[in-house]
Amino acid sequence: MVGPTAVGTGQHMRWWGWGQPHEVAFPRKLEALLTGSFGLDGTIRQPVGLGEVSLPQITLEPRARQRLEEIVGPGSVRSDTATRVAHGAGKSYLDLVRMRAGTPQGAPDAVVFAATHEEILAVLAVCAQERVAVVPFGGGTSIVGGVAPLRGEQHAVIALDLARLSGLLTVDPASLTVSVAAGTRAPALEAFLAEHNLTLGHYPDSFEFASIGGCAATRSVGQASSGYGRIDQAVQGVRVATPRGELAAAALPASAAGPALRELIVGSEGVFGVITGLLLRVRARPAQQRYEGVVFEDFHAAVETLRHVVQDRATPDIVRLSDEVQTTVLMAGGEGGGRRAPLGRVLLRGRRGVLVIIGWEGQRDAVERRRLHTMTLLARGGANPIGEGAGRAWAASRFAAPYVRDQLLDRGVLVDQFETATSWSGIGSLRTSVAGAIAAALGARGTPALVGCQISHVYLTGASLTFTVLARAQLGEEEAQWQAAKHAASAAIVAAGATISHHHGIGRDHADWAAAELGPLGSSAVAALKAHLDPVGIMNPGKVIAAG
Ligand SMILES: Cc1cc2nc3c(=O)[nH]c(=O)nc-3n(C[C@H](O)[C@H](O)[C@H](O)COP(=O)(O)OP(=O)(O)OC[C@H]3O[C@@H](n4cnc5c(N)ncnc54)[C@H](O)[C@@H]3O)c2cc1C
């Protein structure tokens, strides 16, 4: 077993990649596209063995360890290599590059598996007294350095694994709410809700391994968010263990009682404390799910039509509009792979254009009525329907992308995603400037890139843009190469007045850019709140709040 990162779910993550070896076959068309574009040499590079991973010396004092063991039990404080490695990084491109090379940026001195709110309160109190930094660890799927084992001013660092803090507490079918322990994995929650004919409807691409607490802590967004809303809209109440004690935001459908505590906690990424329990708004399980595809001549026409659809209140529950480059990558099997991802086989059939996947979920007559409204407006804007086959293909491969990413890393490909959001009127110029900045930064290093863009979440006033970057990795210089692209993209996003993150969060990687977004007074207000709740500075140092 590779570290109990998924206790209670029956699923474990590979320490150097995603999930477990999987039936996703590498899409040959994608290989041909990338070989043609970047001149890949066909070599398959394997990660180093677990024993070759270099880990820092353990600096946790024996007394601190003993006190932690007294709280959670000796078997629940672990410092073996497999457990430290499995908690040493998240799942960003660079996290995986470093892990595969056996050179992670660090590792926790110990991993503590706490099972209750009370245990976590006690762990935080001991860590504050013993000056040990605490990194809350949900599913560990962060791609912005959120679970990086940074110790800040403390002399040691633990990962606080929340997989044992798992379970469904109560369902209130009349109020459509469920109370859930924060370490519960998203699939376990959905399986439980299905028994009650309910759904949360929250399906991030990382669904298979993300925890519900991690989703709330990062303001995560699922594939059907245009219909079901963001996780922050689903959180009604929240319970937090902080180094100063319990903080709770009452579970109310609405309130005018001053600044909303709930809003400060949701999205706080573990820098104030550990979310231990949540009351979530759920919905009736849909009787019908209908997904299909349409094709537009170009990105601009598709965006304009989508805007009309949204502003005419005809928004589908799922919207995924790919630009020309992204459509080419998807056609080659880039969203999924092999048998589970026949997208490339069913789409477009030689036609040019951009692909939009749309979907509706709900009662049968409501789905038909809503679909008619959407499709009428899409047709008016020039959409060509390509049918449900495209929707089924998308649904079959909707969680396959990170498995394909591992295979791309095997083949020496840089593959990463950035996401942002802006108003409808700013989408065209933002896409051009960000894609141009990434292409220029990588081009200057002699590695031309494919930069695709996808709108995957829509709002009345704007939409999110996710950029997918593919290039030949500069082996041995992956970090400098990626930093060049990431810096160029972030600078273009900030210059355009767009947000540095629509759904992946701030973590370590975006902290400086987020400070620019908050402004000096906004940043110092957040820092002051942290200093109040976490006076010693043990909670997730180096994340969210920029140093200095
Ligand atoms: C392949 C891939 C696809 C992804 N797709 C999406 C997507 O579609 N939408 C999306 O929103 N995100 C996506 N993500 C990002 C990530 O999966 C999400 O942000 C998710 O919400 C993180 O959940 P987690 O349980 O893995 O959190 P973790 O990675 O464990 O933690 C994330 C951050 O929150 C903190 N944290 C975790 N649990 C708690 C808690 N209970 N209390 C306080 N702090 C806590 C951690 O310390 C860390 O800073 C993707 C990631 C990957 C690797």
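Residues numbered from 1 in each chain as written. Predicted model: local features only at pLDDT ≥ 70, side-chain atom pairs only at ≥ 80, totals over all residues. Heavy atoms only, no water.

1. What about helix α4 (residues 93–101)?
Item 1. The buried fraction of α4 is high, at 8 of 9 residues.
Item 2. Along α4, the residues classified as buried are Tyr93, Leu94, Asp95, Leu96, Val97, Arg98, Met99 and Arg100.
Item 3. Tucked into the core, α4 has its buried residues touching α3 (81–86), α16 (401–410), β16 (413–423) and α18 (478–495).
Item 4. After α4 finishes, the residue Gly102 shows a positive phi value of roughly 80 degrees. (Buried < 20%, exposed > 50% of the residue type's maximum accessible area, 1.4 Å probe, protein only. Helix = DSSP H or I, 4+ residues; strand = E, 2+ residues; numbered from the N terminus. Contact = heavy atoms within 4.5 Å.)

2. Observations regarding the packing of aromatic side chains
Item 1. The tally for this structure, following the rule as stated, stands at 4 aromatic pairs.
Item 2. Between the aromatic rings of Tyr203 and Phe207, the centroid separation amounts to 4.8 Å while the plane-to-plane angle is 50 degrees, which identifies the pairing as tilted.
Item 3. Overall, Tyr203 belongs to the buried group, its relative accessible area being 15%.
Item 4. When its relative accessible area of 10% is taken as the criterion, Phe207 is described as buried.
Item 5. Between Tyr291 and Trp394, the ring centres sit 5.5 Å apart and the planes meet at 90 degrees, which makes this aromatic pair edge-to-face. Residue Tyr291 is found in strand β12 (residues 288–296), and its partner Trp394 is found in helix α15 (residues 388–396); the two are separated by 103 residues along the sequence. Side by side, Tyr291 and Trp394 carry an identical accessibility label, which is buried. (Phe/Tyr/Trp six-rings, centres within 6.5 Å; stacked < 30°, edge-to-face > 60°.)

3. Quick word on the site of the ligand
Item 1. Surveying the vicinity of the ligand reveals 35 residues, the closest of which are Pro136, Gly138, Thr141, Ser206 and Ser211.
Item 2. Within the side chain of Thr141, one N or O atom sits 2.5 Å away from an oxygen atom of the ligand.
Item 3. Between Asn540 and the ligand, the recorded distance is 3.1 Å, taken from a side-chain N or O atom to an oxygen atom.
Item 4. Calculation on the ligand without its partners gives an accessible area of 950 Å², and the protein chains cover 97% of this total.
Item 5. Counting residues per element, the ones that place at least two in the shell around the ligand are β3 (132–137), α7 (212–217) and β10 (274–281).
Item 6. Tallying contributions element by element places α7 first for the shell around the ligand, with 4 residues.
Item 7. By residue class, the composition of the shell around the ligand is 15 nonpolar, 17 polar and 3 charged. (Near = heavy atom within 4 Å. Polar contact = N/O pair within 3.5 Å; in protein donor to acceptor, adjacent residues only side chain to side chain. Areas by Shrake-Rupley, 256 points an atom, 1.4 Å probe, with all protein chains shown as cover. Nonpolar A, V, L, I, M, F, W, Y, C, P; charged D, E, K, R; others polar.)

4. Quick notes on the confidence of the model for the chain
Item 1. For the chain, mean pLDDT is 93; residues scoring 70 or higher make up 94% of the total.
Item 2. Every residue in residues 1–10 is under pLDDT 50, and counting partners more than four places away or in other chains gives 29 contacts. (pLDDT = per-residue confidence, 0-100.)

5. A look at the pairing of strand β18 (residues 462–472)
Item 1. Judged by how many residues are buried, β18 sits mostly within the fold: 10 of 11 residues are covered.
Item 2. Strand direction decides the pairing type here: β16 and β18, joined by 11 bridges, are antiparallel. Within β18, the residue paired with Thr420 across the bridge is Leu465.
Item 3. The pairing of strand β17 (residues 449–455) with β18 spans 6 bridges and is antiparallel. Bridge pairing in β18 links Gly452 to Thr468.
Item 4. Hairpin connection, β17 to β18: the antiparallel pair is bridged by 6 residues. (Pairing = 2+ DSSP bridges.)

6. Brief notes about the packing of α4 against α18
Two quantities define a packed helix pair, namely the angle between the helix axes and the distance between the axes.
Item 1. At a minimum axis distance of 11 Å, the contact between α4 and α18 shows a crossing angle of 175 degrees. Of the possible angle classes, the one that applies to α4 and α18 is roughly antiparallel. Taken together, the residues of α18 that come into contact with α4 (itself represented by Tyr93, Leu94, Val97 and Arg98) are Glu478, Glu479, Trp482 and Gln483.
Item 2. Grouping the constituent residues of the contact of α4 with α18 by class yields 4 nonpolar, 1 polar and 3 charged. (Axes fitted to C-alpha atoms, helices over the stretch in contact; angles between N-to-C directions. Parallel < 35°, antiparallel > 145°, perpendicular 65-115°, else oblique.)

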